[in-house]
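Chains, contacts and geometry: an overview
Here is what each chain is made of, one letter per residue.
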Amino acid sequence: MRRISGWALGVLLCICVTTETAWAQTWVIERATVVASPDAAPLADAVVVVRDGRIASVGSGSEVEVPGDARRIDAAGRVLVAGFWNSHVHFLLPGLTEVAEAPAPVLELEVRSLLSRWGFTSVFDLGGLPGNARRLRARIEAGELRGPRILTVDAPFYPADGTPHYVRDVMKQHGAPSAEVATPEQARGRARAQLEEGADGAKLFIGALVGGPQGVVHMTPAVAGAVAETAHAVGRPVFAHPSTTQGLEIALQAGVDVLAHSTPIDGPWPEDMAERLVAADVALVPSLKLFEVELRKESLPPPVIERFLGIGQQQLRAFREAGGQVLFGTDVGYITDSDPHREYALMAGAGMDWRAILTSLTTEPARRFGHAARSGRIAPGMDADLVLLGHDPATDVLALADVVWVMRAGQIQYEAAE
Ligand SMILES: [Zn+2]
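The structure contained in this document is the topic of the report that follows.

What counts and what doesn't
- Residues numbered from 1 in each chain as written.
- Predicted model: local features only at pLDDT ≥ 70, side-chain atom pairs only at ≥ 80, totals over all residues.
- Heavy atoms only, no water.
- Salt bridge = Lys/Arg side-chain N within 4 Å of Asp/Glu carboxyl O.
- Helix = DSSP H or I, 4+ residues; strand = E, 2+ residues; numbered from the N terminus.
- Buried < 20%, exposed > 50% of the residue type's maximum accessible area, 1.4 Å probe, protein only.
- Pairing = 2+ DSSP bridges.
- Contact = heavy atoms within 4.5 Å.
- Core = buried A, V, L, I, M, F, W, Y, C linked by side-chain atoms within 4.5 Å.
- Domains from an automatic or database assignment.
- Axes fitted to C-alpha atoms, helices over the stretch in contact; angles between N-to-C directions.
- Nonpolar A, V, L, I, M, F, W, Y, C, P; charged D, E, K, R; others polar.
- Polar contact = N/O pair within 3.5 Å; in protein donor to acceptor, adjacent residues only side chain to side chain.

1. Some thoughts on the pattern of salt bridges
- Following the criterion strictly, the structure yields 19 salt bridges and no others.
- Salt-bridge contacts for R134 lead to D154; the nearest nitrogen and oxygen are separated by 3.1 Å. Of this pair, R134 sits in helix α3 (residues 132-141) while D154 sits in the loop between β8 (149-152) and β9 (158-159); the two residues are 20 residues apart in sequence, bridging distant segments of the chain.
- Given a relative accessible area of 4%, D154 falls into the buried group.
- E364 serves as the salt-bridge partner of R367, at 3.0 Å between the closest nitrogen and oxygen. Of this pair, R367 and E364 are both found in helix α13 (residues 363-368), 3 residues apart, which corresponds to roughly one turn of the helix.
- Members of the salt-bridge network, linked through shared partners, are R54, R149, R374, D383 and D385.

Below you can see the structure in the form of structure tokens.
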């Protein structure tokens, strides 16, 4: 995909050599407007002290004592928010599929342009080549390269004869074993094995897009339920790719936790669907831009694409009105375009203001995935996962994509060129 010149590699190697000490560094971020959580009043001219990868203190300039040995960052005119979660990513693009062999600087560049550069300090990988995301996570956590906290479902579960048409090439190219499961016993066995190996959840293709005249192949409720039961027994979430209203029914029956997409392809939801999903405590990743990207590939006329997006937005709106939990996610790493501007605009178009979108990026995913004690807010004791925005999201939601600087666990992940 993207080729790296010898020069860029040299620069990266230099950066890597200096990152070793950065973890233990004390930082002071000064003069920022701090939005400590989505429901907090902005704190102007604030100071945040970061020590040993955690937030040590937050307050106004006059209150906070600045340690003498700290590295200082002048954030005047900028807005500081907690690090973002992207709850629907993949590592399926060239450059990220052979994680064991790839040089760390090359991986770092890929991960940065895909995720860190947009403020994502935590991500949930919703399916890929077996073991690949776990290997990437291990290399990041070992300090070989900088990158986000990675949670992963490892290999997804497809129904019998239900491998989606769009993953067949990448699976074949890498000699990946079939991820189809035909029986509840088979599903339970593989789910147990993956969870024991370190998967943080499971992903069900309840409505698998197989292409051709068949269109969608559905997973049986028994197979879906077997995986869900196995994951829930060890306290891990289950994601579903529903595609259709029938897929939503199977997801509800199986006890799925998170919908990886809404279902605009199958038309508007039945009237009580949003309420039923919320009553079952199901969260939703709207992934609206994905539909636009996919439908453009099919060369559909713009008014048709508009109509699909309108239905996706309607579903998101109904879900929120019913009190549902929305998690931000873009399917990036399956789609090549990592820029989240369009997703923010489409979410805003469905009635979400900047605080609601920030919630879907921070506190809600942290809560849903059991990380609320460490992630999602700027407060003493929390992980120093921080995003500095170039302008104020309160006046423009697209400021959430105007990322000038990103820190994860006290280590700088990205800095925009001046
Ligand atoms: Zn996906």
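2. Here's the deal with the sheet that holds strand β14 (residues 238-240)
- Here 4 strands make up an open sheet; going across it, the order is β11-β14-β15-β16 and the pairing parallel. Because the sheet does not close on itself, it has two edges, and the strands there are β11 (202-204) and β16 (283-284).
- Taken together, the 2 bridges between strand β15 (residues 258-259) and β16 define a ladder with parallel strand orientation. Opposite L259, over in β16, you have L284 as the bridge partner.

3. As for the environment of I206
- Turning to its location among the elements, I206 is positioned in the loop between β11 and β12 (207-211).
- We classify I206 as buried; its relative accessible area is 0%.
- Residues contacting I206, with those up to four places away along its chain left out, are V217, H218, M219, A224, A240, H241, G247, I250, A251 and V256.

4. What to know about the nonpolar core
- Core analysis: the largest hydrophobic core is formed by 83 residues, its most contacted members being F84, F91, F120, L136, L204, I206 and Y344.
- Both of domain 1 (24-82 + 381-415) and domain 2 (84-368) provide at least three residues apiece to this core.
- For F120, the residues in contact, after removing those within four places along its chain, are F84, W85, N86, L115, P148, F328, Y344 and L361.
- Counting 22 residues, the second largest nonpolar core, distinct from the first, contains V34, A46, L80 and I378.

5. So, the packing of helix α9 (residues 288-297) against helix α11 (residues 341-349)
- Across the interface, α9 lies against α11 with an axial gap of 8 Å and an inter-helix angle of 115 degrees. Residue-level contacts link L288, K289 and E292 of α9 to R342, E343, L346 and M347 of α11.
- Partitioned by chemical class, the residues of the contact of α9 with α11 number 3 nonpolar, no polar and 4 charged.

6. What to know about the pairing of strand β5 (residues 79-82)
- Strand direction decides the pairing type here: strand β1 (residues 27-34) and β5, joined by 2 bridges, are parallel. Along β5, the bridge assignment pairs V34 with L80.
- Relative to strand β17 (residues 386-389), β5 runs antiparallel, the two sharing 4 bridges. Bridge pairing links L80 to L388 in β17.

7. Examining the side chain of R408
- Of note, R408 is situated in strand β18 (residues 403-408).
- Using a relative accessible area of 8% as the deciding quantity, one classes R408 as buried.
- In this structure the side chain of R408 is engaged in a polar contact, spanning 3.1 Å, whose partner is the backbone oxygen of G147.
- Apart from the residues within four sequence positions on either side, R408 is in contact with T121, I140, E141, G147, P148, R149, A384, D385 and Q413.

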